Each structure stands twice: as structure tokens, then as C-alpha cells.
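Fold and geometry: a report
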Amino acid sequence: MLMSLPAPRQTQDSTLALLVDRDQDTRHMYAEYLKLGNWRVDEAGDGREALAKAIALRPDVIVTDTRLPGIDGVTLCDLLRRDLATSTIPIVLVTGEAYSADVDRAVAAGADLILTKPCHPEQLEAQLRSVLAHAKDVRIRAQALRSNVHDQLARADDVLSRAVDTVHRRHSLKKAHQRGDTINPPVTPPRLVCPSCDKMLVYRRSHIGGVSSKHTEQWDYFDCEGQCGTFQYRPRTRKLRHVV
Ligand SMILES: [Zn+2]
């Protein structure tokens with residue numbers, strides 16, 4: 001009779017846990033259990049080794065006892081948070097001293113989770129999965145937030161450029177509306193004398209035309225003081241002609 005073996009529990013191959021504990025037996029116990037669950041595991045026996053391995057290996061999660069030789073677990077946590085290379089790695093602190101002051105210190109140092117001893121390996125693994133899932137959520141939310149910000153900036157740009165377009169359109173419409181008769185033409189009408197009687201020509205109005213606001217044409221109209229009639233002056237050609 002064939003025994004059906006339980007299917008190996010599947011996790012991502014890349015999930016690497018760094019276990020930090022001064023007690024080798026404790027580390028091995030957790031390490032063996034996690035390896036059965038397809039975790040990759042590395043170990044460190046003190047804070048300095050843990051710090052070096054964390055920076056070099058960039059594990060997916062770090063589990064550390066609070067009591068370590070040299071650099072203690074909370075200080076290690078604080079140092080990891082301060083280093084850009086390790087600042088976002090989830091950290092689980094395992095402590096035998098579950099006093100609120102220690103928990104506060106651990107939280108202040110940036111620990112994601114504080115577990116109290118004794119902590120069964122099965123419980124540890126479940127908590128690690130939870131912490132990793134949460135960390136992934138946080139990363140996804142942070143990404144979504146960033147892309148939201150990009151979207152909003154893009155939308156703001158869009159709104160702004162449409163507003164600028166509208167202003168430009170209004171401006172050119174306004175210029176277009178300026179076509180026609182005015183007494184305030186772009187080019188100031190000259191003072192002219194009548195070519196027939198040499199009396200002053202009295203400025204009356206200008207007519208603005210042309211194909212666009214950038215290519216306007218202007219015609220100035222004058223009446224002769226001596227009743228010779230109306231004259232048209234074109235600034236561009238500087239020609240004066242009798243029109244009436
Ligand atoms: Zn005249």
C-alpha cells in the first residue's frame with residue numbers, strides 16, 4: 001500500500017529569513033522548521049554579524065532575539081531601520097521580557113512585530129507569513145499611492161494646459177473681434193496734410209483687417225478740414241489716397 005505523502009508547503013523560493021539568536025540550538029530549531037516549509041534561512045549569533053548579513057544578504061524578513069551579545073536586538077532593529085539598504089526589511093523581535101517599556105522601545109525602534117517567548121516554531125512561521133503579507137500590502141499601497149500622485153500630477157498638467165489653451169483661444173478671439181473699426185489702432189495714425197489744399201487732415205477712425213492677429217492690416221481714415229473729402233492712409237505702404 002502506497003502512503004500518500006503530504007505535498008510540500010509551497011512558498012516563494014526567494015523568501016529568505018535571517019534568524020538572530022545567541023543560542024545556536026534555538027536558531028537551529030527555528031531554521032529546520034522553516035526549511036521544511038521551503039524557506040531559505042541564514043543565521044547570526046550576535047548583533048554585529050546580523051547587521052553585516054542583513055546588509056549583504058537583504059533578507060525578506062529578520063527574526064531577532066532582544067538579548068544578544070554586543071548590540072542587543074532593539075538596537076539592531078534601530079540600526080537596520082537607519083540603513084537605507086535594510087530600512088524596509090520586516091523585523092520580528094522575540095523577547096523574554098514582555099514588559100510594556102520593552103515593547104514600547106521595540107516599537108519605537110521600528111519592529112514590525114514583537115513575539116514573546118516561548119514561541120513555537122509553527123507560531124513563528126505563521127507570524128512571519130502574516131508580517132510578510134502585510135509588508136507586501138504596505139509596498140503595494142505605497143506604489144498605488146505613488147502612482148496616484150503621478151496620475152494627479154498628470155491630471156493637473158492636463159487641466160493647466162487646457163486652461164492655457166482656453167486663454168490662448170480667448171485671446172485670439174479677442175484679437176479677432178478687434179478686426180473692424182477702431183480709434184485705437186495698433187499703429188498710431190500719422191499727422192497728415194491734405195494733398196489737395198494743404199490743410200490738416202482730421203483723423204476719424206481706422207479699419208483693422210488681415211488674415212490673422214499676427215498679420216494685421218490697418219487703414220486710417222481722415223477728413224480734410226477744407227472739405228476736400230475723406231482720405232485713406234495705409235501705414236504698411238505709407239500711401240494716402242482720396243476715397244470719397
Ligand atoms: Zn483738402
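To continue, consider the overall build of the chain. Regarding its fold elements, the chain presents 5 helices and 10 strands. Buried residues in the chain amount to 32% of all 244 residues. About 16,000 Å² of surface is accessible on the chain, with carbon and sulfur atoms providing 54% of the total.

The next subject is the coordination of the zinc ion. When a metal holds four donors in a tetrahedron, each ideal angle between them is 109.5 degrees; when it holds six in an octahedron, the ideal angles are 90 or 180 degrees. Within the protein, the zinc ion binds to C194 (SG), C197 (SG), C224 (SG) and C228 (SG); these donor distances fall in the range 2.1 to 2.2 Å. Around the zinc ion, the 4 donor atoms are arranged such that angles at the metal cover 97 to 117°; this shape is classified as tetrahedral. When the donor residues of the zinc ion are listed from N- to C-terminus, their spacing reads C-x2-C-x26-C-x3-C. Residue C197 is found in the loop between β6 (180–182) and β7 (201–212), and its partner C228 is found in the loop between β8 (215–224) and β9 (230–234); the two are separated by 31 residues along the sequence. For C228, a relative accessible area of 25% puts it in the partly exposed group.

Before going further, it helps to spend a moment on the sheet that holds strand β5 (residues 113–116). Pairing is parallel across the open sheet formed by 5 strands, whose spatial order is β2-β1-β3-β4-β5. The open sheet is flanked by β2 (40–44) and β5, the only strands paired with a single partner. The average undirected angle you get between the axes of adjacent strands in this sheet is 20°. Note that strand β1 (residues 16–20) and strand β3 (residues 61–65) share 4 bridges and pair parallel. Considered in β3, the bridge of V20 is made with T64. Packing against the sheet, helix α1 (residues 24–36) makes contact with β1 and β2, and its axis sits at approximately 170° to β2.

Right, let's talk about the environment of F231 for a bit. Topologically, F231 is positioned in strand β9. Along the chain, F231 and P195 lie 36 residues apart, while their C-alpha atoms are 9.6 Å from each other. When near neighbours in sequence (up to four residues on either side) are disregarded, F231 contacts C194, P195, S196, L201, D220, Y221, F222, C224, L240, R241, H242 and V243.

Evaluation of the coordinates by the stated rule reveals 1 aromatic pair. Ring centres of Y203 and F222 lie 5.6 Å apart, and the angle between their planes is 65°; this geometry places the pair in the edge-to-face category. Placement of Y203 in strand β7 and of F222 in strand β8 is noted, with a sequence separation of 19 residues between them. With a relative accessible area of 25%, Y203 lands in the partly exposed category. F222 gets classed as buried once you look at its relative accessible area, which sits at 1%. Its guanidinium or amino end placed over the ring of Y221, R205 lies 4.2 Å from that ring's centre, counting from NZ or CZ.

What counts, and where the lines are drawn
- Residues numbered from 1 in each chain as written.
- Predicted model: local features only at pLDDT ≥ 70, side-chain atom pairs only at ≥ 80, totals over all residues.
- Heavy atoms only, no water.
- Helix = DSSP H or I, 4+ residues; strand = E, 2+ residues; numbered from the N terminus.
- Buried < 20%, exposed > 50% of the residue type's maximum accessible area, 1.4 Å probe, protein only.
- Areas by Shrake-Rupley, 256 points an atom, 1.4 Å probe, with all protein chains shown as cover.
- Donors = N, O, S within 2.8 Å, 3.2 Å for Na, K, Ca; no water.
- Tetrahedral: all angles 85-135°; square planar, octahedral: opposite > 155°, others 65-115°.
- Pairing = 2+ DSSP bridges.
- Axes fitted to C-alpha atoms, helices over the stretch in contact; angles between N-to-C directions.
- Contact = heavy atoms within 4.5 Å.
- Phe/Tyr/Trp six-rings, centres within 6.5 Å; stacked < 30°, edge-to-face > 60°.
- Lys NZ or Arg CZ within 6 Å of the ring centre and 35° of its normal.

Everything listed here is a matter of geometry and, on its own, says nothing about what the molecule does.
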